[in-house]
Structures are given as C-alpha cells and as structure tokens.
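An overview of the molecular structure
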Amino acid sequence: NDNGRHYIAAATCKMLTTKNGEFVDEHGRVVNLRGINLGGSSKIPTNTTTNWLDAKTTTFVNRPFPISEASLHFERIRACGFTIIRFIVTW
C-alpha cells in the first residue's frame, strides 16, 4: 500500500485493464508487472544455412531455448520474481 494504492502481483490477476495510465486488476488495484526479455539468439534463425529472407524455409523453432527445456526456463524466470515475459519479434 503506497499513498492509498494497493500493489499486487500480476500472477494473481484474471484480467488486466488500464485506469489513469496504470494496469489494474478486476478489483481496481494497481498491478505491478515485472518483466524480462526473452531474446538473445531469438533474432537468428535456427537454420542459418538457408536464405534468411525466405519465409517458407526460415525457422526460429527452439529459440531462445529448446522447446524441451521451456518449462525449466519458465520456472527459473518465475522463481526470480518475474511475472511477465517480452518476446523479441523479428519483422
């Protein structure tokens, strides 16, 4: 509670909206988002031997980490207190 505001973690929210420039939950409480970028090698296709400009053959599967390891990485991110992830989008 800070100046009459109730800050809560995003993980407890069912739905977020905005009010006065802030994210709020379904009860009108300000939600504190703690984010981290998932990036690194995400901008580099996994099949780097092909033409990167060919959308039919270029793939980013297993970026930023192998799909088989995703649960482990998400658990680690959550354990560090992050409540939201930002994906790098190549366009």
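Residues numbered from 1 in each chain as written. Predicted model: local features only at pLDDT ≥ 70, side-chain atom pairs only at ≥ 80, totals over all residues. Heavy atoms only, no water.

**Let's talk about the overall build of the protein**
If you tally the helices and strands in the protein, you get one helix and six strands. Ordered by position from N to C terminus, the α and β elements of the protein give β-β-β-β-β-α-β. Within the protein, the proportion of its 91 residues that are buried is 19%. Long-range pairs, those at least 24 residues apart, make up 35% of the contacts in the protein with a sequence separation of at least 6. (Helix = DSSP H or I, 4+ residues; strand = E, 2+ residues; numbered from the N terminus. Buried < 20%, exposed > 50% of the residue type's maximum accessible area, 1.4 Å probe, protein only. Contact = heavy atoms within 4.5 Å.)

**A word on unusual backbone geometry**
At N20, a residue that is not glycine, the phi angle is positive and equals roughly 50°. On the secondary structure map, N20 appears in the loop between β2 (17–19) and β3 (22–24).

**Observations regarding the confidence of the model for the protein**
Low-pLDDT portions of the prediction should not be read for the details of their coordinates. Looking at the protein, pLDDT values average 77 and 74% of them are 70 or higher. Ranking the elements of the protein by mean pLDDT puts strand β1 (residues 7–9) last, at 57, and β2 first, at 92. (pLDDT = per-residue confidence, 0-100.)

**So, the packing of aromatic side chains**
All chains considered together, the criterion is met by one aromatic pair. For the pair F65 and F74, a centre-to-centre distance of 5.6 Å together with 80° between the ring planes defines the contact as edge-to-face. (Phe/Tyr/Trp six-rings, centres within 6.5 Å; stacked < 30°, edge-to-face > 60°.)

**Concerning the environment of T59**
Mapped onto the fold, T59 is located in the loop between β5 (35–38) and α1 (70–79). Sequence-distant contacts of T59, defined by excluding residues within four places in its chain, comprise P45, T46 and N47.

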